[in-house]
Amino acid sequence: MRVAQRMHEVAGLVVADLRQHRVTLRSLSAESGEFPRVDPRHVGQPTGALFIASRAPTMPDGLFGLNAVARLDGRSGRMQRFDYGAETLVEEHVFVPRS
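Calculation criteria
Residues numbered from 1 in each chain as written. Predicted model: local features only at pLDDT ≥ 70, side-chain atom pairs only at ≥ 80, totals over all residues. Heavy atoms only, no water. Helix = DSSP H or I, 4+ residues; strand = E, 2+ residues; numbered from the N terminus. Phe/Tyr/Trp six-rings, centres within 6.5 Å; stacked < 30°, edge-to-face > 60°. Buried < 20%, exposed > 50% of the residue type's maximum accessible area, 1.4 Å probe, protein only. pLDDT = per-residue confidence, 0-100. Contact = heavy atoms within 4.5 Å.

## Structural notes on unusual backbone geometry
Link 1 in the chain: The phi angle at His 21 is positive, at roughly 55°, despite the residue not being glycine.
Link 2 in the chain: Within the secondary structure layout, His 21 lies in the loop between β1 (10–17) and β2 (22–37).

Structure, rendered in structure tokens:
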């Protein structure tokens, strides 16, 4: 099933080298998720943080969906996660800057 395959994709960084006519993919984390977001003020520029809807360990086996938002630091590989708990379904999130 196509949807099930997407749930297991991992966050990655695509680098396009136009001079060398080469595109490479670098895995950023083993964390799977959907709906990747960056700070909209920095779209198209190098950025260190990627936010994804993810599945936390509190989600019971057999249930479909995502129940957390993860912040992945593309430079260090460090991942932080906010787990909403097993009773919450996370959908497409919106990044809102502090200022």
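## Observations regarding the packing of aromatic side chains
Link 1 in the chain: Counting across every chain of the model gives 1 aromatic pair.
Link 2 in the chain: Seen in terms of ring centroids, Phe 82 and Tyr 84 are 4.7 Å apart; in terms of plane orientation they differ by 75°. Their pairing is edge-to-face.
Link 3 in the chain: A relative accessible area of 45% means that Tyr 84 is categorised as partly exposed.

## Quick word on the confidence of the model for the protein
Link 1 in the chain: Looking at the protein, the pLDDT average stands at 77 and 79% of residues meet or exceed 70.
Link 2 in the chain: Looking at the elements of the protein, mean pLDDT is at its lowest for helix α1 (residues 2–7), recorded as 41, and at its highest for strand β5 (residues 79–83), recorded as 89.
Link 3 in the chain: Counted against residues more than four places away or in other chains, residues 1–8, with its pLDDT under 50, gives 10 contacts.

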